Amino acid sequence: MQRPADVRTERALRQIKGILERDFTDLIDLSDLAGKPDSERESAFLSRGLAALATKGVTGWHGDDRNEKASACVIDGRDDFGIDAIAVSGNTSEIWLVQAKWSHKGRAGLDQGAALKFVRGWQRLERHEYDRFNSRVTEKMAERIRAVLKNFQAKVHFVVAMTGPEELHPDVLDVFEEEFKEANGFGLNLDLQVVGTDRLWEQIRVEEAPRSQPIQATMRQWLYEHEPVELYQGFVRADEVAAWFSTAGRHLFRRNIRDFLGSTEVNAEIASAVTSDPELFLYLHSGITVICESLEAAFDGPRKQNIPVKLTLNNASVIDGAQSVTSLHRAFLDNPEALAEALVSVNVICTGQDGSSPELPNRITHARNRQNPVQYRDFVSLDPTQSLIGEELSIRGLQYTYRRGEPDPAPEQGCSVVEAATALACAHSNPRLAVEAKQNVETLWDRSEGGSYGILFGEKLGAPQVWGSVRLRRAVGNRLHEISTKLRGRGFDLAERGDLLITHLIFQCVDRKEMTSDYYDWDEAVARAVPLTDQALPWLLHHIDATHGSTAPVSITRVLSDPRRCRVLVENTLRDLRADSEAPQVSADYRAKALQRPRKSRRPNSVTILLNAGELGPGTPLEFRPLSSNEEIALRDWLIEDPRRTRATWTNNRRYSLLWEADGKYHSPSGLVMTMYELAGWEDSPVSAQGPARWYIDGERMDKRAERILEELGEEGE
């Protein structure tokens, strides 16, 4: 006689296999197994389909194309280096690496050898060795992975999906823990997610949940209003809220302005708070709002506020708190006991189903989602130091913005508090501040005892030091950008991602005496920055290679994210710079390869041509138009939502020539297009874009106008 657990597992496996065959039979690529026995092809399909199913679940993807998106992530086959699927989100700077194991008996597991191969595959990706992988990576994913890994706060999730228990042997866990210990804490954030049979089955049940399934809420300490519509306010246990998602699935969010956003920092904090401090969760969480068409209220005793009311909500929708409900659901799967001790503040509004107020649900949804989150930077505006700096710079004819939402001034007209804080972090004698600023600029607003903000914005800080530091930081950044065009590999990465650490080195090499004085010669310091940068980069690169190896090297991200490593590198590099030693030659492996044939001189970019020709005056309007049909489809609704997003005005600034009407900030044409991709949530956006091809002046493309001017001037362009 079968045990209940065995029957349950068999039922789960049948449903999982049925979903794989229904959703992925026509999507999973098995072309590399042509001519192989049917049994081998079936085994590969189930493993790859499982990887796609798990990818869809852990990313939180939704929409009609979610199965196609998940299938496109599968890379299983030759040269996969132990990774069966890779999903990338540029919006949240996340990568999911999936290893899938299928067992018909529900006993799949991951051994130590497979775990080691999995980790080594990740290490190849981290070192940008994409050409070692199969074509699914090199042709479709490499640039997107590279773009995410440029972010020092990127999250990489190792996902082990298997038809078996959600347990790994301690020796296998040690493989992951060793890798995580090396990477975590200094920028990259690596974690492990084990998705076994139970979680896969739960995922399927949520996705297949019938529409309009009633949900239950047992509310304590409730308040009730019945006019103009019924309203209940009170406290509901977190495990009961988590169960809503199992009962109603994503239909629960059909009226919300957003579906579940996946693994974001805020969602992770929700799950962490409810499991680590369940008794405090009620005070740490802002609550959830649910609307429904009808409800039934039942009481175990008298209708009194101290007696819980059992609500049954029909055709319910969470219109504020979708991220909370799904995060609680995920936390419940890991720690159901903790959620039983936590309470959530819940508002239930019964809008009715008689059609008397058809606009009411939309009005409630709109109003409940209009709050702007407060960020740590916002509290900086309360510090009198910031207003004093602004007043001093204003006397010198410069602008200084320190309130979030204020448009940043053009570079030659001033700076923002973010740029100032970053420059001051580089100027400080402790390289830790520059390292942390590169990882996350939010660390600069830490006002606790010993925090960065108090160190940077001390009593002696004056406007001359702020503006001089910003100028020097810009000079180093501009020079590194020029140098990077001649480099590749680790050399390019260091010029691009090591800019703040190199700026720190330059600050330590210029004359630091009286730097806080109003009479300090910042012109001389800025003039020295360029030749010093030319020396600092090759010396720093030399010491990184000497310390961490140039063959199969540690990734530049790990090096530049570790304050301990950076402190040693700074000490060694400063010793050579101060000794005025000749800088070592940059290895040929790091120099961009020259073309074999002579090239024509490079045509100036569109902005430079238009500026030199004096073609446009400040304030000339420009209009954004998508370049391709895919771009138009991806951005259409977002652009219609706020027409200001399509409008910008011209400024006579070579670096930031456009003032975007939507945010009041200055951008380069291409940089603004990439910003628009990110804000619109276009996950499959290109990794780069030619901005002048998308901005129009009086109906003419910016790049075409520049070409016409160049022809009229009789210059030869490539």
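Here the structure is shown first, and the text comes after it.
These numbers were taken from a predicted model, which means no experiment stands behind them.

Caption draft 1: Molecular detail of the sheet that holds strand S19 (residues 700-701). Read across the open sheet, the six strands follow the order S17-S16-S15-S14-S18-S19; overall the sheet is antiparallel. This sheet does not close on itself; its edge strands, each paired only once, are strand S17 (666-667) and S19. The pairing of strand S15 (residues 647-650) with strand S16 (residues 658-660) spans three bridges and is antiparallel. Looking at S16, one finds that Thr649 is bridged to Leu659.

Caption draft 2: Just helix H27 (residues 669-680), in detail. Here H27 spans 17 Å end to end across 12 residues, near enough to the 16 Å set by a 1.5 Å rise per residue. Along H27, the residues that are buried comprise Pro669, Leu672, Val673, Met676 and Tyr677. The buried residues of H27 all sit within an arc of 145° when viewed along its axis, so they share a single face. Structural note: H27 exposes Glu678 and Leu679 on the side pointing more than 90 degrees away from its buried face. Directly beyond the C-terminal end of H27, a positive phi value near 75° is found at Gly681.

Caption draft 3: Structural view of the sheet that holds strand S7 (residues 288-292). On the basis of which strands lie adjacent, the open sheet formed by seven strands has the order S8-S9-S5-S6-S11-S7-S10 and mixed pairing. Each edge of the sheet is formed by a strand with only one pairing partner; in this case those strands are strand S8 (294-299) and strand S10 (317-320). On average, each strand axis in the sheet is tilted by 40° relative to the strand beside it, whichever way the strands run. In this sheet, strand S6 (residues 230-237) lies alongside strand S5 (residues 215-225) in antiparallel orientation, the contact comprising five bridges. Paired with Arg220 across the bridge in S6 is Phe235. Each of S5, S6, S7, S10 and strand S11 (343-350) touches helix H9 (residues 238-248); the most contacted strand, S5, lies at about 130° to it. Sitting on the sheet, helix H12 (residues 322-334) touches S7, S10 and S11, and the angle it makes with S10 is about 120°.

Caption draft 4: Representation of the packing of helix H21 (residues 499-509) against helix H24 (residues 563-578) within the structure. Contact geometry of H21 with H24 gives a least axis separation of 10 Å together with a crossing angle of 45°. Judged on the interaxial angle alone, H24 and H21 are oblique. The crossing of H21 and H24 is right-handed. For the pair H21 and H24, contact is made by Leu501, His504, Leu505, Gln508 and Cys509 and by Cys566, Val570, Thr573, Leu574, Leu577 and Arg578, respectively.

Caption draft 5: View of a nonpolar patch on the surface. Together, Leu280, Tyr283 and Leu284 make up a nonpolar patch on the protein surface, roughly 370 Å² of accessible area in all. Judged by relative accessible area, Leu284 falls into the exposed class, the value being 56%.

Caption draft 6: Geometry of the environment of Leu494. By the element assignment, Leu494 lies in helix H20 (residues 489-497). In this structure, the C-alpha to C-alpha distance between Leu494 and Leu540, residues 46 residues apart in sequence, is 8.8 Å. The contacts of Leu494, once residues within four sequence positions are left out, are Asp499, Ile502, Leu537, Leu540, Leu541, Ile544, Ile556 and Leu560.

Caption draft 7: Local environment of helix H22 (residues 522-548). The largest bend along H22 measures about 35° and falls at Leu532. Measuring from the backbone nitrogen of Asp523 back to the side-chain oxygen at the start of H22 gives 3.3 Å, which picks out Asp521 as the cap. Trailing H22 by a residue or two, Gly549 shows a phi angle of about 85°, which is positive.

Caption draft 8: Main features of the pairing of strand S1 (residues 85-89). Burial analysis of S1 places five of its five residues in the buried class, which makes it a mostly covered element. The alternating pattern of S1 places Ala85, Ala87 and Ser89 on one face and Ile86 and Val88 on the opposite face, and all of these are buried. Direction of pairing for S1 relative to strand S2 (residues 94-101): antiparallel, over a ladder of five bridges. Across the sheet, Ser89 pairs through a bridge with Glu94, a residue of S2.

Caption draft 9: Quick look at the pattern of salt bridges. A complete count under the given rule lists 31 salt bridges for this structure. Its salt-bridge partner being Glu482, residue Arg479 comes within 2.7 Å of it at the nearest N-O pair. Taken as a pair, Arg479 and Glu482 lie in helix H19 (residues 463-484) at a separation of three residues, close to a single helical turn. Exposure remark for Arg479: the relative accessible area of 22% places this residue in the partly exposed category. When its relative accessible area of 44% is taken as the criterion, Glu482 is described as partly exposed. Note that Arg647 and Glu661 form a salt bridge whose closest N and O atoms lie 2.9 Å from each other.

Caption draft 10: The environment of Lys117, seen in detail. You can see Lys117 is positioned in helix H4 (residues 112-126). What makes Lys117 partly exposed here is its relative accessible area of 48%. C-alpha separation for the pair Lys117 and Phe81, spaced 36 residues apart in sequence, amounts to 6.3 Å. In contact with Lys117, other than residues within four places in its own chain, are Phe81 and Gly82.

The rules behind these values
- Residues numbered from 1 in each chain as written.
- Predicted model: local features only at pLDDT ≥ 70, side-chain atom pairs only at ≥ 80, totals over all residues.
- Heavy atoms only, no water.
- Pairing = 2+ DSSP bridges.
- Helix = DSSP H or I, 4+ residues; strand = E, 2+ residues; numbered from the N terminus.
- Expected span 1.5 Å × (residues − 1).
- Buried < 20%, exposed > 50% of the residue type's maximum accessible area, 1.4 Å probe, protein only.
- Arc of directions from axis to C-beta.
- Axes fitted to C-alpha atoms, helices over the stretch in contact; angles between N-to-C directions.
- Contact = heavy atoms within 4.5 Å.
- Parallel < 35°, antiparallel > 145°, perpendicular 65-115°, else oblique.
- Left-handed = near helix turned anticlockwise from the far one by under 90°.
- Patch = residues over 30% accessible without salt bridge, like charges linked within 9 Å, V, L, I, M, F, W, Y side chains within 5 Å.
- Areas by Shrake-Rupley, 256 points an atom, 1.4 Å probe, with all protein chains shown as cover.
- Salt bridge = Lys/Arg side-chain N within 4 Å of Asp/Glu carboxyl O.
- Bend = angle between axes of the 7 residues up to and from the residue.
- Polar contact = N/O pair within 3.5 Å; in protein donor to acceptor, adjacent residues only side chain to side chain.

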